[in-house]
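# A structural walkthrough
Below are the chains, spelled out letter by letter.
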Amino acid sequence: MFKKYISDLKTEFRGYNGKKLTQDLMAGLTVAAVALPLALAFGVSSGADAASGLVTAIVAGIVIGVLSGASYQISGPTGAMAAILLSVSAKFGITGVLTAGFLSGAILIIAAVCRVGKLVSYLPAPVITGFTSGIAIIIALGQIDNFFGTHSVGENQIEKIGSYFSGTGSFEPNWWAVMFGGLVVLIMVVYPKKWNAVVPSSLVGIIVALIVNMVFFEQGTVAEVGAIPSSLITDDSIIRKGFDLANITSLIMPAVSIAALGMIESLLCGASAGKMKGERLDASRELVAQGIGNMIIPLLGGVPATAAIARTSVAIKSGGQTRLVSVFHSVVLILSMFLLGGVMSRIPMAALAGVLMVTAFRMNDWAAIKSIFRKKFKSSILQYVLTMVSTVVFDLTVAIVIGVVAAMVVFVVKSSELRVTSSDIDEDKLKGKVKSGHHEEFKVVYVSGPLFFGTQEKLINQLEALAGNPQIILSMRGVPTADDISLSELERLYKALREKGTQISFTGVQTAVSEMMDRAGFRERIGEEHFYWDAVAAIKALEVREYGSDYAD
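Quick look at the structure, then.

Rules used throughout
- What you see as residue numbers is a count from 1 along each chain, following the sequence as written.
- Local features in this predicted model are restricted to residues whose pLDDT is 70 or higher, and side-chain atom pairs enter the listing and the counts only when it is 80 or higher, whereas totals over whole chains, interfaces and linings include all residues.
- Computation of side-chain values covers all heavy atoms of the structure but excludes hydrogens and water.
- Secondary structure is summarised from DSSP: a helix means a run of H or I of at least four residues, a strand means a run of E of at least two, and numbering begins at the N terminus for each.
- In this setup the radius of gyration rests on C-alpha atoms only. A globule is expected at 2.2 Å times the number of residues raised to 0.38.
- Exposure classes here rest on a 1.4 Å probe applied to the protein chains alone. A residue is buried below 20% of its type maximum, exposed above 50%, and partly exposed in between.
- Any pair of residues with heavy atoms lying within 4.5 Å of one another is described as a contacting pair.
- Areas reported here follow the Shrake-Rupley algorithm with a probe of radius 1.4 Å; residue values treat only the protein chains shown as occluding.
- Lys and Arg are tallied as positive, Asp and Glu as negative. Neither His nor the chain termini are counted.
- Where a charge lies is defined by one atom per residue type, namely NZ (Lys), CZ (Arg), CG (Asp) and CD (Glu).
- In plain words, nonpolar cores are sets of buried Ala, Val, Leu, Ile, Met, Phe, Trp, Tyr and Cys residues tied together by side-chain atoms within 4.5 Å.
- Note on aromatic contacts: the rings of Phe and Tyr and the six-membered ring of Trp form a pair at centre separations within 6.5 Å, being stacked when their planes are under 30 degrees apart, edge-to-face when over 60 apart, and tilted otherwise.
- Lysine and arginine charges are scored as sitting over a ring when NZ or CZ, respectively, is within 6 Å of the ring centre and within 35 degrees of the ring normal.
- One less than the number of residues in a helix, times 1.5 Å, gives the span that helix is expected to have.
- Think of it this way: the bend at a residue is just the angle between two axes, each fitted to seven residues, one set ending at that residue and the other starting at it.
- Counting of polar contacts relies on pairs of N or O atoms within 3.5 Å, with two restrictions inside protein: one atom must be capable of donating a hydrogen and the other of accepting it, and residues adjacent in sequence are counted only when both atoms are side-chain atoms.
- Think of it this way: DSSP has to see at least two bridges between two strands before they count as a pair.
- Note on method: axes are straight lines fitted to C-alpha atoms, helices fitted across the in-contact stretch only, with angles between N-to-C directions ranging 0 to 180 degrees.
- Classification remark: right-handed applies to a crossover when, strands pointing away from the viewer, the course from the first strand over the helix to the second runs clockwise.
- For patch building, the residue pool is restricted to those with more than 30% relative accessible area and no salt bridge; the joining distance is 9 Å between like charges and 5 Å between nonpolar side chains (Val, Leu, Ile, Met, Phe, Trp, Tyr).
- Only one rule defines a salt bridge in this text: a Lys or Arg side-chain nitrogen within 4 Å of an Asp or Glu carboxyl oxygen.

### Digging into the overall build of the chain
- Broken down by element type, the chain carries 25 helices and seven strands.
- In summary, the chain has a C-alpha radius of gyration of 33 Å against a globular reference of 24 Å for 553 residues, an excess of more than 25%.
- Taken over the C-alpha atoms alone, the chain extends approximately 110 × 65 × 50 Å along its principal axes.
- Out of the 553 residues in the chain, the part that is buried amounts to 51%.
- Partitioning the intrachain contacts of the chain with sequence separation of at least 6 by distance along the chain shows that 81% fall at a separation of at least 24.
- With an accessible surface of roughly 25300 Å², the chain has 63% of that area assigned to carbon and sulfur atoms.
- Across the chain, the centroid of the 46 positively charged side chains sits 10 Å from that of the 43 negatively charged ones.

The structure is reproduced here in structure tokens:
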């Protein structure tokens, strides 16, 4: 992996010159403009603070960006990660979040060594879409307090919403906070899309809200971001406060969830952005980079990071050439922290909530959602809804498992459908092939699909309904597999129908089914003389038995 990394770096920087350096610098500035308000917002929405979000973006941009599995990945705090971290923070506090983040880094490295990243490609699209929608709902619900200036209590969003009605919380809006949140939402909604390439709407919204707050309002009128330290090591960092060893075992499952999300987001981001730039992502190296980064970031007080599709796509569209874009974006964020920390401390929390509300709405893959419901794909709708609801009610790992299990069950049900039809003999198709033209007593039963204990009843019912016909030709060419239970039931029915004067002939039995019949002793007990290649061969043999050897070709 190290040799390939060095080789990729040589390829990436071959012919690097002043022009490409300028392109990387400008792309880094643009990405930093996008990342700054999101870093502040996601830091707060993670249950930490704005400084933690900045530290995450800075360290991730340098460490993960340099080690990344591709030249274009930009990592940092994300909305999906913030949604998970908020529930961890509510239960274990910020030290628990940082400890879980450190553990998740180790898990990501182990996943890279075991090449677990390939499993992401097996996640069905409706499951990913449902998970994204669920995360968007969690983000939006998590910003109600900041947006309205209210107070809620609980370890998860469901409990917090319930606290408004139970009386443990308080839903008394601060209308100035609502004004700031609404102002940012309005700006982001009406902001011309073509201007976004120059200055992001989220940054404009934050700047306008900040100016209004500083000019017209006294400090304390609304909740503000608060002091941003001019240091890359926060007061809550593991270096200063240590690990949460008391809850280390309880933090393993949250760490697994964080690692799973980091893997999914980073690899999906790489796959999507890779198509934009025409460069494949080295999945294993990306997971190693994410793992190392997420072990370093908590030491300094930052929250777990993942690759971010919004920032990555901006980097590519802005003309970024190499992974230096990620580093330059971090340098700009460092300068912002040191030079603008005092100003950024006056940003209203409601303004950041407004950014997150719009971001949550835009996170949804609306084209995919509309396609799923407009085309009425029942299995996709089930996967989407189940994953979305599970993400909100439970957590990422449970939601993904439920979504994938639902997809597997739907696939098995569809694949296990047994189609059974019966028809009379088509005399026109037999002209020139058999001598007799009288086949009124014959019925052909066509079977298609796997024959096992879950589908056997459909075939049994069809055969029992034809019990009055002397000759039944059972065409099994469309049966790929059969189990011993269904063969045992078919043998029972065969004997029962023979006692009633109905003979069953078997045609077109596939190799796998024939081998199962031999193992079960089915063919031996039925008799080899009742098995034929096709219906024509069966009819010929039955006519010989009925009318004599003169009918044989």
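Still to come is the rest of the account.
### With respect to the nonpolar core
- Of all hydrophobic cores here, the largest spans 91 residues; its most connected members are Leu40, Leu54, Leu333, Ile347 and Leu352.
- The element best represented in this core is helix H4 (residues 79–113), accounting for 15 residues.
- Excluding anything up to four places from it in sequence, Leu352 contacts Pro37, Leu40, Ala41, Val44, Ile206, Val225 and Ile347.
- Formed by 28 residues, the second largest nonpolar core is a distinct cluster that contains Val420, Ala467, Tyr494 and Phe531.

### As for the environment of Gly478
- Among the structural elements, Gly478 can be located in strand S5 (residues 471–478).
- Separated by 30 residues in sequence, Gly478 and Gly508 place their C-alpha atoms 8.2 Å apart.
- Discounting chain neighbours no more than four positions away, the residues touching Gly478 are Val447, Ser448, Gly449 and Gln510.

### Examining the packing of aromatic side chains
- Overall, the coordinates contain 15 aromatic pairs when judged by the stated rule.
- A ring pair is formed by Phe147 and Phe148, whose centres lie 5.1 Å apart and whose planes are at 65°; its orientation type is edge-to-face.
- Feature note: the residues Phe147, Phe148, Tyr164 and Phe171 constitute an aromatic cluster, connected by ring pairs.
- One residue, Arg477, lies across the ring of Trp533, its end atom 4.6 Å from the ring centre.
- Arg523 extends its terminal NZ or CZ atom over the ring of Phe531, reaching a point 4.3 Å from the ring centre.

### Structural notes on helix H10 (residues 201–216)
- When the terminal C-alpha atoms of H10 are compared, their 22 Å separation across 16 residues agrees well with the 22 Å that a helix rising 1.5 Å per residue should span.
- When we look at burial in H10, the residues that qualify are Ser201, Ser202, Leu203, Gly205, Ile206, Ala209, Leu210 and Asn213.
- Where H10 is buried, its residues contact helix H2 (18–45), helix H8 (175–190), helix H9 (193–196), helix H15 (324–344) and helix H16 (349–363).

### Considerations on H2
- Counted at 1.5 Å a residue, the expected span for H2 with its 28 residues is 40 Å, and the 40 Å between its end C-alpha atoms agrees.
- The sharpest bend along H2 comes to roughly 30°, located at Ala35, with the proline Pro37 sitting one to four residues further on.
- Between a side-chain oxygen at the N-terminus of H2 and the backbone nitrogen of Lys19 the separation is 3.2 Å; the capping residue is Asn17.
- Gly47, located one to two residues past H2, shows a positive phi value of around 95°.

### Regarding the sheet that holds S5
- The five strands are arranged S3-S4-S5-S6-S7 in an open sheet whose pairing can be described as mixed. This sheet does not close on itself; its edge strands, each paired only once, are strand S3 (419–423) and strand S7 (531–532).
- Seen against the sheet, helix H22 (residues 484–499) touches S5 and strand S6 (503–507) and runs at an angle of roughly 140° to S6.

### Regarding the pairing of strand S4 (residues 442–448)
- Along S4, five of the seven residues are buried, which leaves the element largely enclosed by surrounding structure.
- Note that S3 and S4 share five bridges and pair antiparallel. Counterpart to Ser422 in the pairing with S4 is Val445.
- Note that S4 and S5 share six bridges and pair parallel. The residue bridging Val445 from the neighbouring strand is Leu474, located in S5.
- In this fold, the crossover linking S4 to S5 by way of helix H21 (residues 456–465) has right-handed handedness.

### Describing a nonpolar patch on the surface
- Residues Ile207, Ile211, Met214, Val215, Phe216, Val331, Leu335, Phe338, Leu339, Leu340 and Val343 make up a contiguous nonpolar surface patch of roughly 1100 Å² in combined accessible area.
- Looking at the nonpolar patch, the elements with two or more residues in it are H10 and H15.
- In terms of residue count, H15 provides more of the nonpolar patch than any other element does, six residues in total.
- Note that Val343 resides in helix H15.
- What makes Val343 partly exposed here is its relative accessible area of 34%.

### Quick look at the pattern of salt bridges
- Tallying each qualifying case throughout the model produces 14 salt bridges.
- A salt bridge links Asp236 to Lys241, with the shortest nitrogen-to-oxygen separation between them at 3.0 Å.
- Taking the relative accessible area as the measure of exposure, Asp236 reaches 22% and is therefore partly exposed.
- Here Asp424 and Lys443 are joined by a salt bridge, their closest N and O atoms 2.4 Å apart. Of this pair, Asp424 sits in the loop between S3 and helix H20 (427–430) while Lys443 sits in strand S4, placing them 19 residues apart in sequence.

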